[in-house]
Amino acid sequence: MGEASGKVMSAREAIEKFVHDGDEVVIGNYTVGSCAELVYEIIRQGRKGFTLYSQSGIFDVEVLVAGGCVNRLVTTYVLRSGGKKGGSAVERALNAGTLEIEDYTNFEYNARLVAGMHGFTFMPVLEGVRVTDIFRKRGFMGENKFQIISCPYTRREIVTVPAATPDVCVIHVQRADTDGNAQYWGAMGSVAAAALSSKKIIVSCEEIVEHDIIQSSPHLTIIPAYRVNAVVEVPWGAHPTEVLGYYNVDTFMYNGLFTAAAATADGLAAWMDEWVYGCPDRTAYIDRYIQRFGVETLNELRARPLYSAPANYGAAFTSHWDHEGRERSMGVTLPQLEKLLKERGKLYE
């Protein structure tokens, strides 16, 4: 691991510094590898009043709602195990009137984040949605859930959705360097757009690596360092969900313990007392898991190696300047180039 930067901090420090009551928060991960430790730390710190964005509301959304963190939810899917009559913190909150929801398709949800990522104020979407209840049923967004505009070129009616620019994104990736260059591989969904549309980004990762490793595989960097506010190294940070290349989904913890507990409010509260509030950090969480179920059970989840073939990023030379400090196309040194530009009135200081 390289030298620590001012961005490297604990989950507690990152949430304290960058997540506030009333924020619009987006969970960057999509179905797999969710940012469990960052979500648990938000709950431990008692953050309230969120408008939460999540493309795939699995256990992470359920525990945030159960923790009283969320007032409004923008989503395409929520676990809500058992349907309207089954066990679900989200279902219970909707029935109690403590949670409002706005439902989009995967395409429309992504369109909102892509618009925000590129700095647009809206994005056109497929017009077929107009015949569905997703278009007809409006929640807290009202008329701004969708808007119809006239195309400036064809004059046809176009369905649009507003850009989403959340206050903060919490996201878990495989690895990052100390500056925040974050690398992720696997099912992408809205992962990159969720991060890059947000004003602040908290990245948790399985490991912090040297910058040379990041440079050796640039195609895996989905979030550049200059956009990242905090880097949190947290092995097993997505458990009980999977992280490709590191560990598999823990079906015993997920289905056997969490889903069964979530069937009732009291059951979920007891589960959270043990696994969220009762564990001050991820190290304590994993220690408790090992105490309860044994290190062998944990180790069985570790991924078997399956490496991709290396790609050749080599070039004939790595710079426009040769080893003698001369620009390759003009054959001049930097001082000579500056003198030439100054003589021509092209050098601005």
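This text follows the structure it describes.
All of the points below concern the structure found in this document.

Rules behind the numbers
Residues numbered from 1 in each chain as written. Predicted model: local features only at pLDDT ≥ 70, side-chain atom pairs only at ≥ 80, totals over all residues. Heavy atoms only, no water. Helix = DSSP H or I, 4+ residues; strand = E, 2+ residues; numbered from the N terminus. Buried < 20%, exposed > 50% of the residue type's maximum accessible area, 1.4 Å probe, protein only. Contact = heavy atoms within 4.5 Å. Areas by Shrake-Rupley, 256 points an atom, 1.4 Å probe, with all protein chains shown as cover. Lys, Arg positive; Asp, Glu negative; His and termini not counted. Charge placed at Lys NZ, Arg CZ, Asp CG, Glu CD. Pairing = 2+ DSSP bridges. Axes fitted to C-alpha atoms, helices over the stretch in contact; angles between N-to-C directions. Parallel < 35°, antiparallel > 145°, perpendicular 65-115°, else oblique. Left-handed = near helix turned anticlockwise from the far one by under 90°. Nonpolar A, V, L, I, M, F, W, Y, C, P; charged D, E, K, R; others polar. Polar contact = N/O pair within 3.5 Å; in protein donor to acceptor, adjacent residues only side chain to side chain. Expected span 1.5 Å × (residues − 1). Phe/Tyr/Trp six-rings, centres within 6.5 Å; stacked < 30°, edge-to-face > 60°. Lys NZ or Arg CZ within 6 Å of the ring centre and 35° of its normal. Right-handed = clockwise from strand over helix to strand, strands pointing away.

## Quick notes on the overall build of the chain
Step number 1: The helix and strand inventory of the chain stands at 13 helices and twelve strands.
Step number 2: Its C-alpha atoms put the chain at 80 × 60 × 35 Å along the principal axes.
Step number 3: Expressed as a percentage of its 349 residues, the buried residues of the chain come to 46%.
Step number 4: Of the contacts formed within the chain by residues at least 6 apart in sequence, a portion of 71% connects residues at least 24 apart.
Step number 5: Of the roughly 17500 Å² of accessible surface on the chain, 54% is carried by carbon and sulfur atoms.
Step number 6: Side chains of the chain carry 34 positive and 42 negative charges; the gap between the two charge centres is 7 Å.

## Here we look at the sheet that holds strand β5 (residues 122-125)
Step number 1: Spatial ordering of the open sheet is given by β5-β7-β6, a layout of three strands whose pairing is antiparallel. Edge positions in the sheet fall to β5 and β6 (147-150), since each has one partner strand and no second. The mean inter-strand angle of the sheet, taken between neighbouring strand axes irrespective of direction, is 45°.
Step number 2: In terms of strand pairing, β5 meets strand β7 (residues 157-162) through four bridges, oriented antiparallel. Residue Met-123 lies in a different strand from β7, and its bridge partner there is Val-161.
Step number 3: Packed on one face of the sheet, helix α5 (residues 106-118) meets β5 and β7 and runs near 150° to β5.

## Quick notes on the packing of helix α1 (residues 11-18) against helix α2 (residues 36-44)
Step number 1: Contact pair α1 / α2: the axes reach a minimum separation of 9 Å and the direction vectors enclose 60°. Here α2 runs oblique to α1, going by the angle between their axes. For the element pair α1 and α2, the recorded crossing hand is right-handed. In this structure, α1 uses Ala-11, Arg-12 and Ile-15 to contact α2, whose residues at the interface are Glu-37, Leu-38, Glu-41 and Ile-42.
Step number 2: Considering only residue class, the contact of α1 with α2 consists of four nonpolar, no polar and three charged.

## Brief notes about the side chain of Asn-110
Step number 1: When you line up the elements, Asn-110 lands in helix α5.
Step number 2: Judged by its relative accessible area of 18%, Asn-110 falls in the buried class.
Step number 3: In terms of polar contacts, Asn-110 uses its side chain to reach the backbone carbonyl oxygen of Asn-106, at 2.9 Å.
Step number 4: When neighbours within four sequence positions are excluded, Asn-110 is seen to be in contact with Gln-55, Gly-189 and Ser-190.

## Things to note about α5
Step number 1: Look at α5: 18 Å from first C-alpha to last across 13 residues, which is about the 18 Å you get at 1.5 Å a residue.
Step number 2: At the exit of α5 stands Gly-119, carrying a positive phi of roughly 80°.

## Notes on the environment of Ser-88
Step number 1: Locating Ser-88 in the fold gives a position in the loop between β3 (70-75) and α4 (89-96).
Step number 2: On the basis of relative accessible area, Ser-88 is assigned to the buried category, the value being 1%.
Step number 3: Ser-88 sits 29 residues away from Phe-59 along the chain, and the two C-alpha atoms are 9.6 Å apart.
Step number 4: If sequence neighbours within four positions are ignored, Ser-88 has contacts with Glu-62, Arg-80, Ser-81 and Ala-262.
Step number 5: A polar atom in the side chain of Ser-88 sits 3.1 Å from the side chain of Glu-62.
Step number 6: Only 3.2 Å separates the side chain of Ser-88 from the backbone nitrogen of Val-90, close enough to count as a polar contact.

## Re the packing of aromatic side chains
Step number 1: Scanning the entire structure with this criterion turns up 14 aromatic pairs.
Step number 2: Considering the side-chain rings of Phe-252 and Phe-293, the 4.9 Å spacing of their centres and the 85° angle between planes classify their relative orientation as edge-to-face. Pair noted here: Phe-252 is in helix α9 (residues 251-261) and Phe-293 is in helix α11 (residues 282-293), with a separation of 41 residues, a long-range link.
Step number 3: Judged by relative accessible area, which is 19%, Phe-293 ranks as buried.
Step number 4: Pairwise contacts between aromatic rings join Tyr-40, Phe-59, Phe-252, Tyr-254, Phe-258, Trp-271, Trp-275, Tyr-285, Tyr-289 and Phe-293 into one cluster.
Step number 5: One cation-aromatic arrangement involves Arg-138 over Phe-135; the distance from NZ or CZ to the ring centre is 4.7 Å.

## Things to note about the packing of helix α3 (residues 59-66) against helix α10 (residues 265-277)
Step number 1: Interhelical geometry of α3 versus α10 gives an angle of 100° and a closest axis separation of 11 Å. Between α3 and α10, the angle is such that the two are roughly perpendicular. Contacts from Glu-62, Val-63 and Ala-66 in α3 reach Leu-268, Trp-271 and Met-272 in α10.
Step number 2: Within the contact of α3 with α10, the residues separate by chemical class into five nonpolar, no polar and one charged.

## A closer look at the pairing of strand β2 (residues 50-54)
Side chains on a regular strand alternate between the two faces of the sheet.
Step number 1: Within β2, five of the five residues are buried, which leaves the element mostly enclosed by the surrounding structure.
Step number 2: Because side chains alternate across β2, one face comprises the buried residues Phe-50, Leu-52 and Ser-54, and the other comprises Thr-51 and Tyr-53, equally buried.
Step number 3: As judged from the three bridges shared by strand β1 (residues 24-27) and β2, these two strands associate in the parallel manner. Residue Glu-24 lies in a different strand from β2, and its bridge partner there is Thr-51.
Step number 4: Where the polypeptide runs from β1 across α2 and back to β2, its parallel neighbour, the crossover connection is right-handed.

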